[in-house]
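# Architecture at a glance
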Amino acid sequence: SPLSILKDRDVEFNRAVRDLTAFERGDEISSTTTSLLAGLHIVEIIPKEYYIHATVSSKAPPGSLDDVELFFTDGGIVNTKCNARVALPPPPFCIKKGCINANQDQRERVKEVGYLLGLPPSDQKQMQEGARWTPIFFNADRVPDMLEYDDFD
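An account of the accompanying structure is given in this report. Values in this document were obtained by computation on a predicted structure and should not be read as measured data.

Moving on: the overall build of the chain. Within the chain one finds 3 helices and 5 strands. For the chain, the sequential pattern of α-helices and β-strands runs β-α-β-β-β-β-α-α. Per-residue burial over the chain gives 31% buried out of 153 residues. The contacts in the chain between residues at least 6 apart in sequence include a share of 50% that link residues at least 24 apart.

Working definition: two side chains of opposite charge can pair if their charged atoms are close together. The full count for this structure, using the stated rule, is 6 salt bridges. Note that Lys111 is salt-bridged to Glu108, the shortest N-O span being 3.7 Å. Within this pair, Lys111 and its partner Glu108 are both found in helix α2 (residues 104–117), separated by 3 residues, close to a single helical turn.

In this structure, Leu20, Leu40, Ile52, Leu70, Phe72, Val78 and Leu117 are the most contacted members of the largest nonpolar core, which totals 24 residues. Among the secondary structure elements, those contributing two or more residues to this core are α1 (9–25), β3 (51–57), β4 (65–72), β5 (77–84) and α2. When residues in this core are grouped by element, the largest group, 5 residues, is from α1. Contacts of Ile52, omitting those with residues within four sequence positions, involve Phe13, Ala16, Val17, Leu20, Glu44, Ile45, Val68, Glu69, Leu70 and Phe72.

On to unusual backbone geometry. Located in the positive-phi region is Tyr50, a residue other than glycine, with phi close to 55 degrees. With respect to the secondary-structure elements, Tyr50 resides in the loop between β2 (41–46) and β3. By relative accessible area, Tyr50 is classed as buried at 14%.

The subject of this paragraph is the pairing of β3. Counted residue by residue, β3 has 6 buried out of 7 residues, so it is predominantly covered. Connecting β2 to the antiparallel partner β3 that follows it, the hairpin turn spans 4 residues, and Tyr50 within it adopts a positive phi of roughly 55 degrees. Two elements, β3 and β4, share 7 bridges in a ladder whose sense is antiparallel. Residue pairing in the sheet places His53 in a bridge with Glu69 of β4.

Considering the arrangement of structural elements, one finds Ala60 in the loop between β3 and β4. Put simply, Ala60 and Leu88 are 28 residues apart on the chain and 8.0 Å apart in space, counted from C-alpha to C-alpha.

Next up on the list: the pairing of β5. Of the strand pairs in this sheet, strand β1 (residues 3–4) and β5 are connected by 2 bridges, and their pairing is antiparallel. For Leu3, the partnering residue across the bridge sits in β5 and is Val78. Relative to β5, β4 is paired through 7 bridges, and the arrangement is antiparallel. Pairing of Glu69 across the sheet is with Lys81, part of β5. With antiparallel pairing between neighbouring strands as the criterion, β4 and β5 make up a hairpin whose turn holds 4 residues, including Gly76 at a positive phi of roughly 90 degrees.

What counts as what
- Residues numbered from 1 in each chain as written.
- Predicted model: local features only at pLDDT ≥ 70, side-chain atom pairs only at ≥ 80, totals over all residues.
- Heavy atoms only, no water.
- Helix = DSSP H or I, 4+ residues; strand = E, 2+ residues; numbered from the N terminus.
- Buried < 20%, exposed > 50% of the residue type's maximum accessible area, 1.4 Å probe, protein only.
- Contact = heavy atoms within 4.5 Å.
- Salt bridge = Lys/Arg side-chain N within 4 Å of Asp/Glu carboxyl O.
- Core = buried A, V, L, I, M, F, W, Y, C linked by side-chain atoms within 4.5 Å.
- Pairing = 2+ DSSP bridges.

In structure tokens form, the structure reads like this:
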């Protein structure tokens, strides 16, 4: 999910640059940040485009990097992207609540960046109010058969 801009885009972008730079230097910003942002290095900042590109150390394989990109839109959201430079095959399924079949470390890393910058997920309210998660292989929901939708008779 994209992150929500809580204030003005310029204010949030400048704060993100400040906080990520401080985190890169090793300044204490938050006592709850995890190793998911270890080795954070800012690669590029393009203020005119409200764009930040950073790298972080990847867990697998050791020594590799993940690219983290943030693009502050004028629509009130921050588009995020986290790409592993060394691709690993995704697990065939996941059983952790909220998991979507992909690299969970990268998803958690994007969530951690949002937490570090004080930017909540844009769907946070909807997910708290009515989201329902069911592991795909343990799903007991009835799948409709095609006969229910056959209007040709």
